[in-house]
Each structure stands twice: as C-alpha cells, then as structure tokens.
Amino acid sequence: MAKSSSLHVRVVEGRALPAKDVSGSSDPYCLVKVDDEVVARTATVWRSLSPFWGEEYTVHLPLDFHHLAFYVLDEDTVGHDDIIGKISLSREAIAADPRGIDSWINLSRVDPDAEVQGEVCLSVQMLEDGRGRCLRCHVLQARDLAPRDISGTSDPFARVFWGSQSLETSTMKKTRFPHWDEVLELREVPGAPSPLRVELWDWDMVGKNDFLGMVEFSPKTLQHKPPNGWFRLLPFPRAEEDSGGNLGALWLKVRLTEDRVLPSRYYQPLLELLMDSVLGPAEEDTASPLAVLEELTSGDCRQDLATKLVKLFLGRGLTGPFLDYLTRREVARTTDHNTLFRSNSLASKSMEQFMKLVGMPYLHEVLKPVVSRVFEEKKYIELDPCKMDLGRTRRISFKGAPSEEQMRETSLGLLTGYLGAIVDAIVGSAGRCPPAMRLAFKQLRRRAEERFPQAERQDVKYLAISGFLFLRFFAPAILTPKLFDLRDHHADPQTSRSLLLLAKAVQSIGNLGQQLGQGKELWMAPLHPFLLQSISRVRDFLDRLVDVDGDEEASAPARALVPPSVTVREGYLLKRKEEPASLATRFAFKKRYFWLSGETLSYSKGPEWQMRTSIPVSHIRAVERVDEGAFQLPHVMQVVTQDGAGPPHTTYLQCKNVNELSQWLSALRKASAPNPDKLASCHPGAFRSARWTCCLQAERSAAGCSRTHSAVTLGDWSDPLDPDAEAQMVYRQLLLGRDQLRMQFLEDSSMNTTLEADTGKGSRATEGACPDVLARQRAAAARLLEVLSDLDQAHEEFQLQEQGRAAPGHLRP
C-alpha cells in the first residue's frame, strides 16, 4: 500500500500592490515555496499594481510537508529584488476544506524572525543524583538552516533554556549544517517544572545576532518521553499580523489531495464496472455505472475525473471505446448542432485531456517553430485602431509616426506571415498526428454524421473535430505557450498581444469562418480574406486526418504515456567539468546540450553532434539542488549516480533560472523514480579545499548532511500512468456523491425527481426515461454502492493496521 500527496495551486492575480519603483508602479512576480524550497516562479508582470498571472502548478509532495508560502517581489534590473509581502498557508489550513482554498488573501509583512527553516537533532536525558535533578541536553547537529549572511551561509550556535538557566554551544562558522556534538547540563532550580527551549542563532560580529529557529518541549514530555531525534525548527510564537490590505492581496486557488492507495486487487471490481460500461451495448449507455458517475460530478471535479479516467482507459488499451461511449451520450442529448461539444461536459473534458496526454509531442512539433519566431522577433502587431500606438515608431527610429493605415498594413503583413506558417504546419501534419488521436477523431466524425445527417449541416462533421483540435488545443497553446511547455516564460505584453491576435485567427479558422463579420471585433475584417482561403485547406486536412485504418489502433495496454526511448526534456545546460588536477579549471562550467529519456541522460556539445556521452537513468541515486555558495552560482543541481557497488559520482549542472531548475529536477526525479537504493541524504554543497562546503566535514565519503527530496516533483502531461492511484481518485469522487446516489437512484422508487448534477440544471439521467431504463440505473447504482462499501472496509482495515504499527514520534532521519 502506498500514500500519495499532491498540491494543486493556481496563482490567479494580485490587486492593490504597493509601488516599489520611482515610476509609481512595480514589476511583480510570485515565488511559490513548499517547506522553504522554491518549486515555481511566475512570470514578471511589468509596470502593474494589479498583475494577472493565471499560472497553475501541480506539485507531488511527501506526506510530511508542513506549509506552502507565496512571496511577491518587485523585479529590479539593478540590485536585489524588493520584497512586497508573503502569504503562508499551513497544511492544516489547506486541508480544512476538501474543496481547498479559493479566495483573496491579504499579503503580510515578511518578518526575518519568522523566516525559519531546517531541523535540529537533540538527545535529552533527565538524570537524578544526590544534588537533585539534572537535565542533560546533547546538541548533535542541525541541517538546512536559513542563510542569514551575505555569503549564503550562517554562523550558528545553540542556546538552551531550562527554567532560569541557559547555556550555549560553540559557534560554527560559515555553515548551514553545523555539527556541534556538545552536551549541556543544567541543574533544576526550586519552583514549578519548566519547559525546555532550544534556540538557534546566527552569530554576527557587528549588530545583533539573527534568529534561526527554536524548539520547545513541555515538562510532561521531558518527564515521560525525553526528546531524541530530529525536530523541525519553529518561529517565536506570535499573533499573526494582518497588514489590513496595505500590502495588497492575492487571489489564490489551493487544493490538497492526500490519499492512501490500496493494492491493485482491491480496485478490480470498480475497474470492471467502468470497463463494462464502455464495452456494453449502446442501448445501455444511459444506465451504466459510468453514466451514473458522470451525473454525480461537476465543475473542477469533472476535469480531474476526466484526466484520471482517460489515464485508466489508456492503461487498459480502451481509450477509443471510452471516448466513443462519451461521444454517443453527448450527441444523443444534443438537439442544436451549434452547441455540440461546446459545454464542459465529461465528454468535452475527456477529449481535451486526452489530446494533452497523447498529443503534446505532436503539438510541440507543429507549433513550436512559429511560436519561437514570434517570441524572438518581437514585432509590433496591432489591428485595433483603439489600441494602436502610432508614436511607437517615432520613439524607436526618429522618422516620424506612421499613419493608422500604414500601421494596419504592416501589422496585417506580419500577422498573415505568422498565420500562414501556422496553417501550413497544421495542414501538413496529418501523418504525424498520433494514431490514437486520429482514430478518436474518426469515431467523433462518424457519430456527428449519424446524429446530423442533413445536407445543410454537412459542416458539423468538420466542426466536431476542429472544435477540439483548433479551439481547445492549438489556439490555447498559441495564446499561452508556457502552459503547454512551448516556452519557459510567459510573453511580454507586446508579444502577448501578437499571440492573442494569432489565437483569435486560429479560432476563426477552427469555426470554419461561421462567425466572421459578427460581434464587436470588426477591425479583424482585413484578415478575413486570408482566413476564408485557409478554410478549404483545413477541411481537406480534416478529411486526411480521419482517413486512417481502424486496425492501426494500439489495442495493447499502455505502460506509459511516453515510451522510455522518447526524449521528455532537452536543452542547453552548463556542466561542471570533471575535477582536474590543476586549480585553474577546478570549478569551470561548460555549455552542453542535454537529452533526457526514460533510459538515459545524454549530452554533447550541441544538438547536431552525433557523439554523445550517456548516463543510464537506472544508475541515478539522487537529484538535488546545490547551495549557491558551493560554486558562487545560482540554479545549480547535482545528479548522483552509482554503478553497482562502485563509488558514487556527482555531476553538477547549472540552469538558466529557477523554473528551468525545477523542471529539470522534476523530470530527472520522475525518470529515476523506480530505481532501488535511492539515497536518503546527500551533500547540498561541493567538496573543495579538502572539505564539504555545506557541513565542513573533511571526509569526501562522509554521510550526506541534508535530506533528499525525491518525492517533490511537478505534475505535467508526462506523469507516468498509475492505475491504482487513478482508481483511488475515482473512488473518492464517488464517495462525495454517495448520499446523492443512494437517495436519487435507490430510495426514491418512483424516480420522478431529477438528479441535480450541475447548479441550476436537472440531470438527464432520469429525465424522460422508461421504467426499464430506470430499473437498470438502480441496478448500476446498487453495484456501485456495493463496490464503495467494500473499498471503505479495505481502507478501514489498512488504517487499523497502520495505527497498530505506528507510534507517535519525531521527524525521520
């Protein structure tokens, strides 16, 4: 049995931020930290006090994480960035509501004394002799302390308080991982029993010492179970300060998912019910367990459910029947062809998630060259006369401002140039589209033709496909390339406007020009001739796209979304040269091009080089960040490898920025996740000048001084298939609707009421259904409830077993 924990985070926008620049504005961005480790950085929104980010992250976590923090900073070209404020959310606050947090939260001031991190290792004994009681506190070491000095380290010492007495350890210079191994003895003084408090401080030669954190133990704990082990450092207790909105606020959406995943055999009855739903006769579509499940979900839950179901059926090789089942249900209840697949139904969401899971490499191949051109060329494009900046050319070239007509003609030429390249890439890609997607579109087209066979509605068969491929896949990727991994950063305002115009044009093409000339955007009219010329090419492309033999479908169950030999990440990194004998090049980093697949991490001097050096992924034992002070360089990571019983070897790699670092860390950790003998600890520094820069130990083979973080990864389309975890999520979704399921399908024998699956809308499950269908629906609901009851019992049994084995304790070593 395994446990899983994931954070779903969306940084929506900010408001009323204070101005940090002399211009009266700010250039805000947001850092997302989990337990003091940066996992993501939003884009910088230039010259804005009400920035919109709209960035989403899924972070897979260890079960013992404690808090999530958001820091808002003002980016400065010169000097350090200014801190605007922070929001800190404890694990308990996030988990209090299963639906998570979705609200505006005021930023609070960043208090240095509250910015603590790390752990301390203690062993406490209560002794008694002829002179009375004595407390012996063995202060062994600490790890991952906050850097308080400009060098990125600290000079820590510990201060122990018991009653009115206090003692201090020695000061360890220039380290965040001090080893004291000192025993401090304090005698009990008359009076009431006192707690033990251990404080860690950073010693400063000038000015006051900086607080690093503390732990405290009650007299009862000291008496009955004296502390022995690692303990997380905490800030001084104080009331939470509310800035009253003076520092602005963030709109955040945060949801924590924690689950116990049972062994596979416990999910088999549930999976069989779902598989039987899509493989059964078409006339039973409305009475299947999957139909009942669809009626119980809505909103964000429907998108999560769609992703899990698509992965489940991918793993069984039944994605085609699953999507066809949902398509049949959707077209059967659609009366107006103009609304086909335009709602956020389970069918629409499942097809959308299916395209992202299966078609992301295809999307990159088609769109990345043109999107990269738009970013690199940074051309000014604008067709809306209300938004044209006619003085822009004068500021750049001093040749005078062009007229509105000249600006429109220039923009039209640039826009048609980019758009032409996009249309050429799309219409020429039919043969490169994944076979699974082509077969899904073929089924979709057939169902649309059967439902709307009229000659005047012949475009429906094209719109059913283009509504997904163009409106829900290509256009969103052009509009926000970062969210589809086409770019590492969001676009600047000028490039964003160009991408928006291109996305609007691609949407119009996907709609086959049906809405051209309508609405408020009449300034797009100069582009209409080009769009109309492209529509016939798109129809021909869609015909070729579905011209595929059904035998090409991969009926075998998929083991992974990405085959092990396929490259999941590539790009330039700076690699530290193998340590030479001379000191001159000891810490030199050289630019190399890297490829990562499920089998190897390889690199060469450039992407075109044939000679590559490869590191087997199966040899990776740890992938961790490196302290900035190790090489006086930011964004460095280490890949620790070991071949059998040989000595471990460390490769140091530097990334361009924190997001690239997080993405490479995540990709490498996922690729090496199945490896046995993963390291539990490592050194976040480097061995130089005959000692480790992190903990100052002199032996190269010394045990690591910091915990590894192999469980911390970013969720994305390349996450491996996990049928048990996906089945567990479906079970949890059914639990949320169990009472509704029981009441509507079983307790109301007349079945005259309708099931409200969406706010303000009645269920279509029972509406106008005949008694025979209602009887089958009740039977399906009864089977689901029986499966849920069995899973409930299995979870309770495993929980009791865990409670019997587990004993309350401290942090793991």
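Our subject is the structure listed above.
Residues numbered from 1 in each chain as written. Predicted model: local features only at pLDDT ≥ 70, side-chain atom pairs only at ≥ 80, totals over all residues. Heavy atoms only, no water.

**As for the sheet that holds strand β17 (residues 567-576)**
Okay, so step 1: Taken in spatial order, the seven strands make up an open sheet running β20-β19-β18-β17-β23-β22-β21, and their pairing is antiparallel. On the outer flanks of this sheet lie β20 (613-616) and β21 (620-626), each paired with one strand and no other. The average undirected angle you get between the axes of adjacent strands in this sheet is 35°.
Okay, so step 2: Two elements, β17 and strand β18 (residues 589-597), share nine bridges in a ladder whose sense is antiparallel. Each residue of the ladder has a partner; that of Leu574, found in β18, is Lys591.
Okay, so step 3: Running over the sheet, helix α15 (residues 658-671) touches β17, β18, β19 (600-604), β21 and β22 (636-641) and is turned about 165° from β21. (Pairing = 2+ DSSP bridges. Helix = DSSP H or I, 4+ residues; strand = E, 2+ residues; numbered from the N terminus. Axes fitted to C-alpha atoms, helices over the stretch in contact; angles between N-to-C directions. Contact = heavy atoms within 4.5 Å.)

**Structural notes on the packing of helix α6 (residues 319-332) against helix α10 (residues 435-451)**
In helix packing, the relevant descriptors are the interaxial angle and the interaxial distance, both defined with respect to the helix axes.
Okay, so step 1: At their nearest, the axes of α6 and α10 sit 10 Å apart, and the two run at 25° to each other. Judged by the inter-axis angle, α6 sits roughly parallel to α10. Crossing of α6 against α10: the hand is right-handed. Within the contact between the two elements, α6 uses Gly320, Leu323, Asp324, Thr327, Arg328, Val331 and Ala332 and α10 uses Ala440, Gln443, Leu444, Arg446, Arg447 and Arg451. (Parallel < 35°, antiparallel > 145°, perpendicular 65-115°, else oblique. Left-handed = near helix turned anticlockwise from the far one by under 90°.)

**Notes on the packing of aromatic side chains**
Geometrically, a pair of aromatic rings is defined through the distance of the ring centres and the angle of the planes.
Okay, so step 1: Tallying each qualifying case throughout the model produces 17 aromatic pairs.
Okay, so step 2: Pairing Phe341 with Phe468 gives two aromatic rings, centres 5.2 Å apart and planes at 55°, and the pair type is tilted. One end of the pair, Phe341, is in the loop between α6 and α7 (346-377); the other, Phe468, is in helix α11 (residues 460-479), and 127 residues separate them in sequence.
Okay, so step 3: Ring geometry for Phe589 versus Phe631: centroids 5.4 Å apart, planes at 80°, classification edge-to-face. Here Phe589, found in strand β18, pairs with Phe631, found in helix α14 (residues 628-631); they are 42 residues apart in sequence, far enough to count as distant. (Phe/Tyr/Trp six-rings, centres within 6.5 Å; stacked < 30°, edge-to-face > 60°.)

**Details of the pairing of strand β11 (residues 165-168)**
Okay, so step 1: Where strand β10 (residues 156-162) lies against β11, four bridges are found, and the strand directions are antiparallel. Note on β11: the bridge partner recorded for Phe161 is Ser166.
Okay, so step 2: A loop of two residues connects β10 with β11, the two strands running antiparallel in sequence, and Gly163 in this loop sits at a positive phi of about 65°.

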